[in-house]
Amino acid sequence: MKPNSGTLVINIMNGGKAEAYEGVYQCTARNERGAAISNNIVIRPSRSPLWTKEKLEPNQVREGDSLVLHCRPPVGLPPPIIFWMDNAFQRLPQSERVSQGLNGDLYFSNVQPEDTREDYICYARFNHTQTIQQKQPISVKVFSMDSLNDTIAANLSDTDIYGAKPVTERQPILLTPTGSTSTKVELRGNVLLLECIAAGLPTPVIHWIKEGGELPANRTFFENFKKTLKIIDVSEADSGNYKCIARNILGSAHHVISVTVKAAPYWITAPRNLVLSPGEDGTLICRANGNPKPNISWLANGVPIAIAPEDPSRKVDGDTIIFSHVQERSSAVYQCNASNEYGYLLANAFVNVLAEPPRILTPANKLYQVISDSPALLDCAYFGSPKPEIEWFKGVKGSILRGSEYVFHDNGTLEIPVAQKDSTGTYTCVARNELGKVQNEVQLEVKDPTMIIKQPEYKVIQRYGQVSFECIIKHDSTLLPTVIWLKDNDELPDDERFLVGKDNLTIMNVTDKDDGTYTCIVNTTLDSVSASAVLTVVAAPPTPAIIYARPNPPFDLELTGQLERSVELSWIPGDENNSPITNFVIEYEDGLHEPGVWHYQTEVPGTQTTVQLKLSPYVNYSFRVIAVNEIGRSQPSEPSEQYLTKSANPDENPSNVQGIGSEPDNLVITWESLKGFQSNGPGLQYKVSWRQKDVDDEWTSVIVANVSKYIVSGTPTFVPYEIKVQALNDLGYAPEPSEVIGHSGEDLPMVAPGNVQVHVINSTLAKVHWDPVPLKTVRGHLQGYKVYYWKVQSLSRRSRRHVEKKILTFRGNKTFGMLPGLEPYSSYKLNVRVVNGKGEGPASPDKVFKTPEGVPSSPSFLKITNPTLDSLTLEWGSPTHPNGVLTSYILKFQPINNTHELGPLVEIRIPANESSLILKNLNYSTRYKFYFNAQTSVGSGNQITEEAVTIMDEGKMAGILRPAVGAGKVQPLYPRIRNVTTAAAETYANISWEYEGPDHANFYVEYGVAGSKEDWKKEIVNGSRSFFVLKGLTPGTAYKVRVGAEGLSGFRSSEDVFETGPAMASRQVDIATQGWFIGLMCAVALLILILLIVCFIRRNKGGKYPVKEKEDAHADPEIQPMKEDDGTFGEYSDAEDHKPLKKGSRTPSDRTVKKEDSDDSLVDYGEGVNGQFNEDGSFIGQYSGKKEKEPAEGNESSEAPSPVNAMNSFV
């Protein structure tokens, strides 16, 4: 036996004989607590005996007869494996006709001439000894009928010869087993082998049946060309009669094998180790079955219990040992033996009577980390005898954990099914029994879950494009996430085109093989989340012939897996019409409660065609599916078959339960009724319950029909009530509802706020205080306080007016408030009222307060009249709101020069009772700006401004100004528009003007054909510019133009109407009609004709003549066509000789147009006029030095500008 082991080693390598160790062995292990024994171990030496010598006669058989070649191998241990071979060690072929039986014999159903041979050899292979034994060869000779007739013919008469029959067919007979019936016994769990081999010609076919039953499925197999029936793992149910039938065309034969399945003992309940504490009770149970039924015997420490030392706490009752009030000396090892004629079972069970204080095996301060909303399992592995009781506490001084939010396992583990962030902390496990107490602390940390807040989305990308999938995550700051991308649930291809970023995956130069599903997986040490998106790679943009449309509706809807609360819906998608389906929308109809109305149920991705749907009880469901792509939604599919779910108790109670009284003596209880499908069954009603809060009173309940309101009458005024509403139907009640607090009806408050005080902060703001009313007198929900205040009179005017009360509401239980927007120097009254849900209470006594003086408003008007060379008359009106006693007026004024610069400021104080003033000693022809405001003792009010101009001299004023209505008053000189100027080209004209008046005027230009009665055409000027371009004019047409200002009724330019000329100025001579020009053109044409004739003559003579150079040499520099490159003309001066200018002289020599000048500038037109536009189109020079001339055709006009130059300035 090996040292420190129970292993027994038998070694016969050194010459020992195996037979010497043959026998039955059993191991016994013993210590102070008892003895255990092992099963019997049988040792037998293997044997491979030689074949016995025997004389084998040759087998001579007639063709078609049956034949059996017997093997009869020697009996070995274990039995040998039999096979047939020839002298060349080749296996003999087997078939339905020739086969080997289970006993090793070789059976011929009928022999054929090719079966003749002399080397039929049976081999026996003994695997354990690795030897093969060979039987002597067997000779078989088959006589055919032809050769047999030849042999008989020499010895028999003709009659006998002719009487010999050829090979005849025969109906089947069984070679094995013999007879019509036989029996077979097999043990439970073994393999059952039944065999039938038949003789006959033609070769019979074997069939198997079980009488009165079916062959066991999945355990039945046929071998050896169906001649052997094999049933594995047999049980008692396989007992019965099995019939084999051999059949050919001539008939059949059968044999019935009666099979009986016996069983060695097998465990039903094996005895298990028992740990007991002193004084406890226990049992050992040993139950086994078998066929025949096994006998049960007990041993104690390896000794039959009948002769074992007596133990008063032990009692044997058949297959059970009962222990009562055990003591430590009762510890022992008990053996149970179950045996019958086919075997036995032996099991050891240790009864250990142990007294041990508790021990906790879980390491101290072990840290557990879980994700929020997932289960947390805190271990408390313990040991002790008696079995300790386990309790859990949270925190150092926490109370014992109880309640449905915890699960306590028998092994001491504490389970928190749904751990939240507030579950984090220290948990203490306490184990205690009669012998002591021990505790251990563990730590729990609850982490935020990892989430993908932006998932990758379905993408359709063209080939060779670029696509990016986003995967933005949110995770607990203490966890380190790792992001992995997969393609079709496999690693990404090893390709540099795939770029993995922090929160995205980018694929460059997309190809067809990139098509597939891409999954973003985020892993932490505690959780893992994933999201997928499909990438569809399409070809280049389709031709316009491809039509993208909404998908066709799904079809073939099918409901499977119908359960009470769920069903699986599947469908077949319709044609997607060249736009991939992104998702399917599932809708349902409740044919029981809302027939014809379809409701949204859920939606699934476009790659999914099945969905598990959650159902409600008592609903007659029909479903339909709608496909969605980027173009739109398909038509709904045809409805599925209807599915009526079973009724059940309501799952939920009404929502939005409220209790609000409508009258002082009632309580109106309202709720939102359950919808039809929420009723879960017929007969929906509500149980309404109420009781007064904080009063020891019982619940009052009524059951009402399917309504949403119940009124409780006769209640006290505004007292709190506990209310609950529970749904019920014909099958029962919903879960217990939660309670809500309501109040009976409110009544108007009983008292007014007291001690109202007003503190005036300034002339427009006051603060009001009051004492709150007692809450009992409010008789309702306190909503706040209302302050009513109104102006009684103005202290400055001493005049009363209509009282308009103002109201300010202050929410909640406030005791003060601010009153803004008061009028200065006025007398006010106010009162305060408390407000509840019913209305307002009585008003407090009126409180009077006064506001101090403030600054006045601006004077109501300021007029400036009677301008003279050195004086102006000012008139004004008093302020609309003096806000106190006026003390004076302040007048400030200053001159404005031509560049709009302001001069020195002069200030004059005017008594408050004055309403006009004449300012003298002013400068003539000067513009002045005036600032005017009123004052009280508090300060100055807002000012009003005006401008006016003194006249140049009396004569000019008489010519310019019209008499005004009213004695001695004239209209102001502004606003006005003057110096309207026109510069025209063929199809457009630039209109400019000067303006004096208020800033930010909006101008417009009106124009029309001169002499026409048509209405003026109006063009709005963009912004406050003082120029405008009229486009789309007709060349050679006279126009009239004027300028006006928007918002000033009837205000237009004060100048006379101007007329624009044609494309050329009317006083310029049309060069095309001049005789000298016509003669010159004829001369040039004649010269060109002569040159062409000479050139033609010389070319015919072979000479060369440089026509181009000759033409350039004789060309008149003064005759040039219009330039094609910039669209400009040769220019003409306006001098009396009307000589054309040279092509290059666009302007006089003293002024040039530079390249960098703005294209919008008008330059060099008229005689010596230096009138230019700056870049915004306004004049920056003045008209000066113009040469006055008589008009050519009676129009009074300044010198017209060159239309050519004008056009150049706008091109």
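1. A word on the overall build of the protein
Then, number 1: From N to C terminus, the protein includes seven helices and 85 strands.
Then, number 2: Looking at the protein residue by residue over its 1211 residues, the buried ones come to 37%.
Then, number 3: If you take every contact in the protein between residues at least 6 apart in sequence, the share linking residues at least 24 apart comes to 63%.
Then, number 4: In the structure as shown, the protein presents an accessible area of about 68,900 Å², 50% of it carried by carbon and sulfur atoms.

2. Concerning the state of the cysteines
Then, number 1: Evaluation of the coordinates by the stated rule reveals five disulfides.
Then, number 2: Between Cys71 and Cys122 runs a disulfide, and the two sulfur atoms are separated by 1.9 Å. On the sign convention where negative is left-handed, the bridge of Cys71 and Cys122, at about -65° about the S-S bond, is left-handed. One end of the pair, Cys71, is in the loop between β6 (67–69) and β7 (81–85); the other, Cys122, is in strand β10 (residues 117–126), and 51 residues separate them in sequence. The same class applies to Cys71 as to Cys122, namely buried.

3. Topic: the pairing of strand β57 (residues 655–660)
Then, number 1: Alignment of β57 against strand β58 (residues 666–672), held across four bridges, turns out to be antiparallel. Residue Ile660 lies in a different strand from β58, and its bridge partner there is Val668.
Then, number 2: Hairpin geometry of β57 and β58 is characterised by an intervening segment of five residues between the two adjacent antiparallel strands.

4. Focus on the sheet that holds strand β77 (residues 927–935)
Each strand in a sheet pairs with its neighbour through backbone hydrogen bonds, running either in the same direction (parallel) or in the opposite one (antiparallel).
Then, number 1: The four strands are arranged β75-β74-β77-β78 in an open sheet whose pairing can be described as antiparallel. Single-partner strands in this sheet number two, and they are β75 (906–911) and β78 (944–949). Neighbour-to-neighbour, the strand axes of the sheet open up by a mean angle of 25°, direction not taken into account.
Then, number 2: When β77 meets β78, the two strands line up antiparallel, connected through six bridges. Each bridged residue has a counterpart across the sheet, and for Phe932 the counterpart in β78 is Ile944.

5. Points about the packing of aromatic side chains
Then, number 1: Applying the stated criterion across every chain, the model contains 21 aromatic pairs.
Then, number 2: With a centroid separation of 6.0 Å and an interplanar angle of 50°, the aromatic rings of Trp770 and Phe810 are classed as tilted. One end of the pair, Trp770, is in strand β66 (residues 765–771); the other, Phe810, is in strand β68 (residues 806–811), and 40 residues separate them in sequence.
Then, number 3: On the basis of relative accessibility, which here comes to 2%, the residue Trp770 falls in the buried class.
Then, number 4: Among the aromatic residues, those joined into a ring-pair cluster are Phe83, Phe89 and Tyr123.
Then, number 5: Between Lys805 and the ring centre of Trp790, over which it is positioned, the NZ or CZ distance is 4.4 Å.
Then, number 6: In this arrangement the basic side chain of Arg1042 is found over the ring face of Trp1016, its NZ or CZ atom lying 3.9 Å from the centre.

6. As for the environment of Pro617
Then, number 1: By the element assignment, Pro617 lies in the loop between β54 (610–614) and β55 (620–629).
Then, number 2: In sequence terms Pro617 and Glu564 are 53 residues apart; their C-alpha atoms lie 7.1 Å from each other.
Then, number 3: Look past the residues within four positions of Pro617 in its chain and what remains in contact with it is Arg565, Thr645, Lys646, Ser647, Ala648, Asp651, Phe677 and Asn680.

7. Observations concerning the pattern of salt bridges
Then, number 1: Per the counting criterion, the structure on display carries 31 salt bridges.
Then, number 2: Put simply, Asp512 and Arg463 hold a salt bridge, and the shortest N to O gap is 3.0 Å. Of this pair, Asp512 sits in the loop between β47 (504–507) and β48 (516–523) while Arg463 sits in the loop between β41 (459–462) and β42 (467–470), and the two are 49 residues apart along the sequence.
Then, number 3: For Asp512, a relative accessible area of 44% translates into the label partly exposed.
Then, number 4: Across the pair Glu1006 and Arg1042 runs a salt bridge whose closest N-O atoms are separated by 2.7 Å. Here the residue Glu1006 occupies a position in strand β81 (residues 1003–1009), and Arg1042 occupies one in strand β84 (residues 1039–1045), the gap between them amounting to 36 residues. The residues Glu1006 and Arg1042 share a single accessibility class, namely buried.
Then, number 5: Connected through shared salt-bridge partners, Arg62, Asp65 and Arg170 make up one network.

8. Let's talk about the pairing of strand β49 (residues 528–538)
Then, number 1: Relative to β49, β41 runs parallel, the two sharing four bridges. Within β49, the position partnered with Val460 by the bridge is Thr536.
Then, number 2: Relative to β49, β48 is paired through eight bridges, and the arrangement is antiparallel. Each bridged residue has a counterpart across the sheet, and for Thr517 the counterpart in β49 is Val534.
Then, number 3: Hairpin geometry of β48 and β49 is characterised by an intervening segment of four residues between the two adjacent antiparallel strands.

9. Quick look at the side chain of Asn729
Then, number 1: Residue position: Asn729 is located in strand β62 (residues 720–729).
Then, number 2: Within the structure, the side chain of Asn729 is placed 2.9 Å from the backbone oxygen of Ser679, a separation counted as a polar contact.
Then, number 3: When sequence neighbours within four positions are dropped, the list of residues in contact with Asn729 reads Ala648, Asn649, Pro650, Ser679, Asn680, Gly681, Pro682, Gly683 and Leu684.

10. Notes on the environment of Glu186
Then, number 1: Looking at the secondary structure, you find Glu186 in strand β14 (residues 181–187).
Then, number 2: In the structure, Glu186 is positioned 74 residues away from Thr260 in sequence and 6.4 Å away in space, judged by C-alpha atoms.
Then, number 3: Discounting residues that sit within four places of it in the chain, Glu186 has contacts with Val191, Leu192, Val234, Thr260, Val261 and Lys262.
Then, number 4: Of the polar contacts made by the side chain of Glu186, one reaches the side chain of Asn190; its length is 3.3 Å.

11. Let's talk about the sheet that holds strand β72 (residues 859–865)
Then, number 1: Taken in spatial order, the three strands of this open sheet run β72-β73-β76, and their pairing is antiparallel. Each edge of the sheet is formed by a strand with only one pairing partner; in this case those strands are β72 and β76 (916–919). The average undirected angle you get between the axes of adjacent strands in this sheet is 15°.
Then, number 2: Where strand β73 (residues 872–879) and β76 come together, four bridges link them in antiparallel fashion. Bridge assignment links Leu874 to a residue of β76, and that residue is Leu917.

12. Considerations on unusual backbone geometry
Then, number 1: Here Leu77 and Pro78 are connected by a cis peptide whose omega angle stands at -5°.
Then, number 2: One can find Pro78 in the loop between β6 and β7.
Then, number 3: A cis geometry characterises the amide bond from Thr176 onward to Pro177, with omega recorded as -5°.
Then, number 4: Relative to the helices and strands, Pro177 is located in the loop between β13 (170–176) and β14.
Then, number 5: At Asp556, a position not held by glycine, the phi torsion is positive, near 55°.
Then, number 6: By the secondary structure assignment, Asp556 is in strand β50 (residues 555–560).
Then, number 7: Not every positive phi belongs to a glycine, and Asn577 is a case in point at roughly 55°.

13. A short note on the environment of His128
Then, number 1: Here His128 lies in the loop between β10 and β11 (131–134).
Then, number 2: Sequence separation of His128 and Pro45 is 83 residues, and the distance between their C-alpha atoms is 9.9 Å.
Then, number 3: Sequence-distant contacts of His128, defined by excluding residues within four places in its chain, comprise Ser46 and Pro78.

14. Regarding the confidence of the model for the protein
Then, number 1: Chain-level statistics for the protein give a pLDDT mean of 82 and a share of 83% at 70 or above.
Then, number 2: The element-level mean pLDDT for the protein is lowest in helix α7 (residues 1203–1210), coming to 35, with strand β19 (residues 228–231) highest at 96.
Then, number 3: In this model, residues 1063–1069 is a region of pLDDT below 50 whose contacts with residues beyond four sequence positions or in other chains number 19 contacts.

Conventions adopted
- Residues numbered from 1 in each chain as written.
- Predicted model: local features only at pLDDT ≥ 70, side-chain atom pairs only at ≥ 80, totals over all residues.
- Heavy atoms only, no water.
- Helix = DSSP H or I, 4+ residues; strand = E, 2+ residues; numbered from the N terminus.
- Buried < 20%, exposed > 50% of the residue type's maximum accessible area, 1.4 Å probe, protein only.
- Contact = heavy atoms within 4.5 Å.
- Areas by Shrake-Rupley, 256 points an atom, 1.4 Å probe, with all protein chains shown as cover.
- Disulfide = S-S within 2.5 Å.
- Pairing = 2+ DSSP bridges.
- Axes fitted to C-alpha atoms, helices over the stretch in contact; angles between N-to-C directions.
- Phe/Tyr/Trp six-rings, centres within 6.5 Å; stacked < 30°, edge-to-face > 60°.
- Lys NZ or Arg CZ within 6 Å of the ring centre and 35° of its normal.
- Salt bridge = Lys/Arg side-chain N within 4 Å of Asp/Glu carboxyl O.
- Polar contact = N/O pair within 3.5 Å; in protein donor to acceptor, adjacent residues only side chain to side chain.
- pLDDT = per-residue confidence, 0-100.

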